[in-house]
Amino acid sequence: MARLLILGAGVMGSAIAVPAADNGHEVALVGTHLDADIIAALKADRGGHPRLKAPIPETIKPLEIEALTSAEFQSADLVIIGVSSPGIDWAIDKLLSHMPEPRPIALVTKGLQPWHGGLRSFAESVAAALAERGVTQQMVMGIGGPCIAKELADRQPTAVVFAGQDQAVLRRIREMMQTDYYRVALSDDLDGVEICAALKNFLAIAVSAMWTRYKEINPQPNKPKAMNPGAAAFSQAVREMAGLARWFGGRPDTAYGLAGLGDLNVTVGGGRNSRLGFLLGEDMALKAALEGPLAGETVEGADTCLALASPVEKAFFAGQLDPQDYPITRALIATIRDGKPLSIDFPAIDFA
């Protein structure tokens, strides 16, 4: 039996605790300062998670952030970071404050950070920040792939990918986590998985926008949306993801697997990034969307865009990337960073 410590009691941090608990492991679920209501609800009523709307195994130990001590880390065999993307620096701070010895660290938190004029993944940021604690890049892994938290908590069949540089560590963690319903593939392409996991949130905004931008001329019952534009944008988005994965240092084929195409598929189907896309497709201004229907929400794809924009434009200027190959990326940068209406020029895209 292993012991897992999960930082973040939101929907994904809580959902990933379910297969670990089902495997008989001890799980401490630590709420952030924003999760006090969740921890209180889990302690008061073991019937379900107030945001997941799903039952959480009674063996999972909910813990307030104020109760987190070094002893919790000392006894952990694995630490999972499950905060939202804006919380990554908070999570690193807690690790620096409380983790006395190095531990394997897995991230379900996805995003990119500017770094010396370029980009680095959250996995790189965590390893760099915790190097003084003896944590190496080989001890940090990323978890990607199509995983809707509610479905995982409900034990629906789910396939994900664990990526890292040490295959022995990956195999050990897969043994902790894998169940009949939670299936785990392994990859040594950490850079590819991490950037695809971030880019799918970003690119899903544009693909989702096509669902509301284009309507059927003579709509059928229960099918008011034209499906062809979204399918075309989806295909182009995967191509751009593959090219950006290569530029970032990963393998382009990763974009055509669980961490890329698979995750993009479920992200387009629902969630905060797709909702932003729906609103932009209806010609709502970005500011109005973020301050209105999405007020208070973390839209990871918009954050990824702001981190990605300058390094990608530098790569265009330096000839490392051909801007004509990235029409969706350029359109999203123009909308999210520059505040222009979202416009994808389909005739300019070479679908050959």
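Okay, so let's go over this structure. (Residues numbered from 1 in each chain as written. Predicted model: local features only at pLDDT ≥ 70, side-chain atom pairs only at ≥ 80, totals over all residues. Heavy atoms only, no water.)

Turning our attention to the environment of Arg 183. Checked against the element boundaries, Arg 183 lands in strand E10 (residues 182-187). Along the chain, Arg 183 and Cys 305 lie 122 residues apart, while their C-alpha atoms are 30 Å from each other. Not counting residues within four places of it along the chain, the set of residues in contact with Arg 183 comprises Thr 158, Ala 159, Val 160 and Gln 178. (Helix = DSSP H or I, 4+ residues; strand = E, 2+ residues; numbered from the N terminus. Contact = heavy atoms within 4.5 Å.)

The next subject is the packing of aromatic side chains. With the rule as written, the count across this model stands at 5 aromatic pairs. Ring plane angle 55 degrees and centroid distance 6.4 Å describe the contact between Phe 162 and Tyr 182, whose orientation is recorded as tilted. Here Phe 162, found in strand E9 (residues 158-163), pairs with Tyr 182, found in strand E10; they are 20 residues apart in sequence, far enough to count as distant. Here Phe 162 and Tyr 182 have matching classes, each one buried. A ring pair is formed by Phe 316 and Tyr 326, whose centres lie 6.1 Å apart and whose planes are at 40 degrees; its orientation type is tilted. Of this pair, Phe 316 sits in helix H14 (residues 300-317) while Tyr 326 sits in the loop between H14 and helix H15 (327-336), placing them 10 residues apart in sequence. Summarising the burial analysis for this pair, Phe 316 and Tyr 326 share the class buried. Here a set of aromatic residues connected by ring pairs shows up, and it is made of Tyr 214, Phe 346 and Phe 351. Its end group placed over the ring of Trp 115, Arg 120 keeps NZ or CZ at 3.6 Å from the ring centre. (Phe/Tyr/Trp six-rings, centres within 6.5 Å; stacked < 30°, edge-to-face > 60°. Buried < 20%, exposed > 50% of the residue type's maximum accessible area, 1.4 Å probe, protein only. Lys NZ or Arg CZ within 6 Å of the ring centre and 35° of its normal.)

For the rest of this paragraph, the subject is the pairing of strand E6 (residues 112-115). Bridge count between E6 and strand E7 (residues 118-121): 4 bridges; the pairing is antiparallel. Considered in E7, the bridge of Gln 113 is made with Arg 120. Count of turn residues in the E6/E7 antiparallel hairpin: 2 residues, of which His 116 carries a positive phi of about 50 degrees. (Pairing = 2+ DSSP bridges.)

Before going further, it helps to spend a moment on helix H11 (residues 258-269). What sets the pattern is the α-helix's 3.6 residues per turn: residues three or four places apart point alike. Over its 12 residues, H11 extends 15 Å from the first C-alpha to the last, a length consistent with the 16 Å expected when each residue adds 1.5 Å. Those residues of H11 lying buried are Ala 259, Gly 260, Gly 262, Asp 263, Leu 264, Thr 267 and Val 268. If you follow the buried residues of H11, they end up packed against E9, helix H9 (190-213), helix H10 (228-248) and helix H12 (272-281). Note on H11: the residue one or two positions beyond its end, Gly 271, has a positive phi of about 110 degrees. (Expected span 1.5 Å × (residues − 1).)

On to unusual backbone geometry. The backbone of Lys 53 sits at a positive phi, close to 55 degrees, despite the residue not being glycine. Locating Lys 53 in the fold gives a position in the loop between helix H3 (36-44) and strand E3 (61-63). A positive phi is found at Asp 283, a non-glycine position, where the angle reads about 70 degrees. With relative accessibility at 60%, the residue Asp 283 sits in the exposed group.

H15 packs onto H10 with a crossing angle of 95 degrees between their chain directions and a minimal axis gap of 8 Å. Comparing the axis directions of H10 and H15 gives the class roughly perpendicular. Taking contact as the criterion, the partners of Ala 233, Gln 236, Ala 237, Glu 240 and Leu 244 in H10 are, on H15, Pro 327, Ile 328 and Thr 329. (Axes fitted to C-alpha atoms, helices over the stretch in contact; angles between N-to-C directions. Parallel < 35°, antiparallel > 145°, perpendicular 65-115°, else oblique.)

Here we come to the side chain of Thr 32. One can find Thr 32 in the loop between strand E2 (26-30) and H3. Accessibility expressed as a relative area gives 11% for Thr 32, which makes it buried. A distance of 3.0 Å separates the side chain of Thr 32 from the backbone nitrogen of Leu 34, its partner in a polar contact. Setting aside chain neighbours within four positions, we find Thr 32 in contact with Gly 8, Ile 65, Val 83 and Trp 90. (Polar contact = N/O pair within 3.5 Å; in protein donor to acceptor, adjacent residues only side chain to side chain.)

Turning our eyes to something else, we now look at the pattern of salt bridges. Scanning the model with the defined rule gives 20 salt bridges in all. Between Arg 213 and Asp 283 there is a salt bridge, and its shortest N-O distance comes to 3.3 Å. Taken together, the positions of Arg 213 in helix H9 and Asp 283 in the loop between H12 and helix H13 (286-291) put the pair 70 residues apart, joining distant regions of the chain. For Arg 213, a relative accessible area of 24% puts it in the partly exposed group. In this structure, Lys 287 and Glu 291 form a salt bridge, with 3.0 Å as the shortest nitrogen-oxygen distance. Remark: Glu 291 and Lys 287 occur in helix H13; sequence separation between them is 4 residues, near one turn of the helix. (Salt bridge = Lys/Arg side-chain N within 4 Å of Asp/Glu carboxyl O.)

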